[in-house]
Amino acid sequence: MAHKVIFQTIEEQIETHSPVNPSIKLHDTWLELFADNRMDRFRFVIHPDNPAYYFINEMVTECIITNSDTNEVVFEGRILRRVGKDQGTPERAYWVEDVRGYLNDTKQSPVTFTGKPSELFKKIIERHNVLADDQKQFGIGVCEVDTYRAYVDDSTPINVPIATSGYATIKPTAVYIWNNDNVQLRMADSVKGVRHTVELVGTGVFAGKYLLRHPIPAWGISGWVQASDIVEVQTPATPNQEGAITIPKEGYPRRTEVKIKKGVKHYYKSSDGTGLTEIRPPWNDRNYTTVNFVNGKYSIAWGGLVRAWANVSDLDFGAIAKPSEPIKGDKPNFVEKTRTIDADMTYRDSSWDAIKEHLLDPFGAELHMESVLGLRTLHIRNRTENQTDQVLTPDYNILKMQESLDPTGIITVLIPEGRLAKEEGA
């Protein structure tokens, strides 16, 4: 596979490695493209006869590598620093860092944030762009970690109060839908498993149904769907039924997942506020579920046991951080939920550190870059992957392969072998 390498600044660019011109070459090149959130990097050696030999300015000159056959850009970086020693030769070796490394050049301001991940992403990039030179600017792309899927099956439906302007996801097993004339129709597969907006809660002939609007505006209203065909809602059990779902007066049902807000130091042993107890790690950072609501306090459970009572104002009801695993089956049911996060940043945090700590690592996400109308634009993706049927072969498309051994789990066992000694006289 042939590649072309260009060095450039804001003012000009120069070809420094040509697939067709043998006099324009870099030597001992080494390109590392990582699958995780480490910065990609490129190493090269350049000779004095290369036209770009004196063009290099560390931390300023950029390096663009393209596939000569497809013109696809496979790497963009800036020349970070010179490495090694000359050892009496005029050759020079350099490391090149991915241009996302520009995010290490700026620091965030002190902020305490609560909201959607996309809002924090926008805040971080805007702060970076205010401090960075024109060459280091980034556009703000999509943020895929604003929502996540919570998977359920029909035997354990999620019970949440659904009202007008709320959300409802149609089960993949649903069969029928009703129009405004209450005529039963067969449901299209394209609306199943999709989070709709609730236009109306049914009454009269539509009692037990919801009028749903598809998230794509051009599709309009999907129709009336019965409650039993919606993942989020189940017909509430009567109060005397075992396992009845009760909804406290302020609106949150049992088994709502919550976290204790940052800065809260105490909760209680009783709903009347007695038994003031200091919240010690790791209990201040765990996800709990609500059980009962009395006197403005929730009993909160962890591991199936009630641990304490906490004031409503001390709880964060957007606590779920990661999606659950799909339940086995051809068409698993899921609820798409909106994620809310807390983040504290200081002047010590670089823009890259802030993105990695608060938006990538907690959710297994990746920072992906593409050029949009000539502007380097950053996206937070749930996962970026490429699928191929190509066979991996050493010396062809495997650049490096190594095996490592971790001896920490190895133990030595002595097993004696032999026969019992015969007793004297036997």
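This text goes with the structure placed above it.
Residues numbered from 1 in each chain as written. Predicted model: local features only at pLDDT ≥ 70, side-chain atom pairs only at ≥ 80, totals over all residues. Heavy atoms only, no water.

**What about the sheet that holds strand β7 (residues 92-98)?**
Piece 1. Reading across from one edge, β2-β1-β5-β6-β7-β4-β3 is the order of the seven strands in this open sheet, with antiparallel pairing throughout. Edge positions in the open sheet fall to β2 (13-17) and β3 (27-32), since each of these has one partner strand only. Each strand of the sheet is rotated relative to its neighbour by a mean of 30°, with strand direction disregarded.
Piece 2. Bridging between β3 and strand β4 (residues 41-46) involves four bridges; their strand directions are antiparallel. The residue of β4 that forms the bridge with W30 is R43. (Pairing = 2+ DSSP bridges. Helix = DSSP H or I, 4+ residues; strand = E, 2+ residues; numbered from the N terminus. Axes fitted to C-alpha atoms, helices over the stretch in contact; angles between N-to-C directions.)

**Describing the environment of K356**
Piece 1. Following the sequence through the fold, K356 ends up in helix α2 (residues 351-360).
Piece 2. Placed eleven residues apart in sequence, K356 and L367 show a C-alpha to C-alpha distance of 8.5 Å.
Piece 3. Not counting the four nearest positions on each side in its chain, K356 is found in contact with N37, D361 and P362. (Contact = heavy atoms within 4.5 Å.)

**Describing the packing of aromatic side chains**
Piece 1. Taken as a whole, this structure holds seven aromatic pairs when the rule is applied.
Piece 2. Relative to F75, the ring of F42 lies with its centre 6.3 Å away and its plane at 55°, an arrangement referred to as tilted. Here F42 is found in strand β4, whereas its partner F75 is found in strand β6 (residues 73-83), with 33 residues between them in sequence. Judged on exposure class, the residue F42 and its partner F75 are both buried.
Piece 3. On the numbers, 5.5 Å between centres and 25° between planes, the contact of F44 with Y94 is stacked. (Phe/Tyr/Trp six-rings, centres within 6.5 Å; stacked < 30°, edge-to-face > 60°. Buried < 20%, exposed > 50% of the residue type's maximum accessible area, 1.4 Å probe, protein only.)

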